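Chain by chain, the residues:
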Amino acid sequence: MKRLTTLAAMTALVLGTGLASAQDKPAELKIGISTFTSGSASVFGVPGKAAAELLIADMNAKGGIGGAKVVATYIDEGIGGDKLLSEYRRLVQEQGVRTMLSAISSGNCNIVAPVAEDLKVLNVMWDCGTEKVLEEKPYKYVVRTGGNGTTEMVATVLYLLKMRPNFSTVAVVNQDYAWGRDSWEIFINTLKTLKPDVRVVAEMFPKFGSSDFSTEISRLQALRPDVILNTSWGGDLDTFVRQAAQRGLFAQGATMVLPLAESSLERLGAALPAGVIVGGRGDHYFLHPETRDDPAHKEFVAKFRAQTKAYPIYPTYHMAQALVGLKTGYENAIKANGGKWPSTEQVAEAMRKMEFTAYGRKISMRQDGQALEAQLLGITRHVPQYPFAVMDKMMLVPADLVTAPVGQKSLPWIKTLKADVLQSDRLKSYDFK
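These notes cover the structure that comes with them.

The rules we used
- Residues numbered from 1 in each chain as written.
- Predicted model: local features only at pLDDT ≥ 70, side-chain atom pairs only at ≥ 80, totals over all residues.
- Heavy atoms only, no water.
- Helix = DSSP H or I, 4+ residues; strand = E, 2+ residues; numbered from the N terminus.
- Rg over C-alpha atoms; globule rule 2.2 N^0.38 Å.
- Buried < 20%, exposed > 50% of the residue type's maximum accessible area, 1.4 Å probe, protein only.
- Contact = heavy atoms within 4.5 Å.
- Areas by Shrake-Rupley, 256 points an atom, 1.4 Å probe, with all protein chains shown as cover.
- Lys, Arg positive; Asp, Glu negative; His and termini not counted.
- Charge placed at Lys NZ, Arg CZ, Asp CG, Glu CD.
- Axes fitted to C-alpha atoms, helices over the stretch in contact; angles between N-to-C directions.
- Parallel < 35°, antiparallel > 145°, perpendicular 65-115°, else oblique.
- Left-handed = near helix turned anticlockwise from the far one by under 90°.
- Nonpolar A, V, L, I, M, F, W, Y, C, P; charged D, E, K, R; others polar.
- Pairing = 2+ DSSP bridges.
- Phe/Tyr/Trp six-rings, centres within 6.5 Å; stacked < 30°, edge-to-face > 60°.
- Lys NZ or Arg CZ within 6 Å of the ring centre and 35° of its normal.

1. A closer look at the overall build of the chain
Of the regular secondary structure elements, the chain holds 14 helices and 16 strands. For 433 residues, the compact-globule formula gives about 22 Å, and the C-alpha radius of gyration of the chain, at 23 Å, lands near that figure. For the chain, buried positions account for 56% of its 433 residues. Of the contacts formed within the chain by residues at least 6 apart in sequence, a portion of 70% connects residues at least 24 apart. With an accessible surface of roughly 17,600 Å², the chain has 52% of that area assigned to carbon and sulfur atoms. Within the chain, one finds 50 positive and 44 negative side-chain charges whose respective centroids are separated by 2 Å.

Here's what the structure looks like:
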């Protein structure tokens, strides 16, 4: 009886294996996507989700990924890190999701990356900026399809020094969490490398999600720094700008540097004055100087506006990069696998060897999983065509000029920068048209 039972079990295993082999290519490719759909950051996360829904629908209408329909499940990052991780595990372990697009928050990326590695699930970091997550530990299953904080902050310093070089003091007001601290560390170290005489007069880190910046604004008005940096985003940035405008901070003449403010331009309307340095965390902008007239980009802008009544902002472009990058990675892995559906490991490896384009310049992926993405910055200007500020005096910075090479950590690399990078003929400038 025991031998018969064993034979039955072996027969079932063989039949099961044959069935699994015949279904290697799934009818549906399940993916999980984390984004903020609640809290102050939802002004940033909800557009990202809307872009995902639009892009996935278009993708499925054209055959999905490798012939498999893409089916997304969303996790709200607003529930906090512990609950996010619980939902993340649930999707992978209970629903069989093998591909995750996570996360927006740098803190959350630091949380999910090692878990993805343990679970052997492909994790595409679709928006978070912290450079440390891929510099401090090698990952097999974790990649990022956009630039990192080093790329973004070094480019911001180059733009500041190109456009407003005559200053001696700087202050910072950043959110008190991984991104706020890390972005300031990169910014000030880059600035001191290229302009050693600069002096920091204030470092302020209000709580993430703060609704009152009166203390910080009063201190800035008293200190009168030449440059004020704020790398906040979403509702925090919107609130700071509105309160600063109401209290006359912009009128004092400091150069305000808001590297993530492309995402807030439309929401802030007239509250954001002319003359502010803003960035798009990549070369993301619906009025991108090189791709604004590209038919595919124009179609995306039109569809997104029809769906949301707003222009796309950089989280929507980051989502596009993640999905196009994912599709490219799968298709390259299928091709390398002789047309057969690839394993998670094969896709993760393919994503480290690819190039792709998603409404901006071409993006190249590196063996460490980090994307090389150009950076777009500009100075705000008000024009009759739009009821909000647009970017003028734009500059595109190639990613390889402002990103630590594979195997090097950002802070030591930053200290090797030379002032002649400011004279590179690869820094391209464009006026608003």
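2. A short note on the packing of helix H6 (residues 149-163) against helix H7 (residues 178-194)
Two elements in contact, H6 and H7, have axes separated by 9 Å at closest approach and are oriented at 45 degrees. Taken as axis vectors, H6 and H7 run oblique relative to one another. In this structure, H6 meets H7 at a crossing whose hand is right-handed. Residues Gly 149, Thr 150, Glu 152, Met 153, Val 154, Thr 156, Val 157, Leu 158, Leu 160 and Leu 161 of H6 touch H7, and the partners they reach there are Trp 179, Ser 183, Ile 186, Phe 187, Thr 190, Leu 191 and Leu 194. Class assignment of the residues belonging to the contact of H6 with H7 gives a composition of 11 nonpolar, five polar and one charged.

3. Section: the pairing of strand S14 (residues 375-381)
In terms of residue burial, S14 counts as a mostly covered element, since six of its seven residues are buried. As defined by bridge partners, S14 adjoins strand S15 (residues 390-397) across six bridges and the pair is classed as antiparallel. Each bridged residue has a counterpart across the sheet, and for Leu 376 the counterpart in S15 is Leu 396.

4. Details of the environment of Ala 27
Looking at the element boundaries, Ala 27 is found in the loop between helix H1 (2-22) and strand S1 (28-35). Taking the relative accessible area as the measure of exposure, Ala 27 reaches 64% and is therefore exposed. Along the primary structure Ala 27 and Gly 64 are separated by 37 residues, whereas in three dimensions their C-alpha atoms are 9.9 Å apart. When residues no more than four places from it in sequence are discounted, the contact partners of Ala 27 are Ala 68 and Lys 69.

5. Observations regarding the packing of aromatic side chains
On inspection of all chains with the given rule, the structure shows 19 aromatic pairs. With a centroid separation of 4.1 Å and 20 degrees between ring planes, the pair formed by Phe 286 and Tyr 311 is classed as stacked. Of the two residues, Phe 286 is situated in the loop between strand S10 (277-279) and helix H11 (295-308) and Tyr 311 in the loop between H11 and helix H12 (314-336); the sequence distance between them amounts to 25 residues. For Phe 286, a relative accessible area of 9% corresponds to the buried category. Cluster of aromatic residues (ring-pair linked, three or more members): Phe 36, Phe 44, Tyr 177, Phe 208, Trp 233 and Tyr 314. The lysine or arginine in question, Lys 49, covers the ring of Tyr 74, its NZ or CZ lying 4.7 Å from the ring centre. Between the NZ or CZ atom of Lys 195 and the centre of the ring of Phe 167, over which it lies, the distance is 5.0 Å.

6. What to know about the sheet that holds strand S2 (residues 69-76)
Spatially, five strands are ordered S2-S1-S3-S4-S5 in an open sheet, and the strand pairing comes out parallel. Taken across any chain shown, the strands that pair with only one partner, and hence form the sheet edges, are S2 and strand S5 (142-144). The average undirected angle you get between the axes of adjacent strands in this sheet is 25 degrees. Pairing geometry for S1 and S2, over eight bridges, is parallel. Each bridged residue has a counterpart across the sheet, and for Glu 28 the counterpart in S2 is Lys 69.

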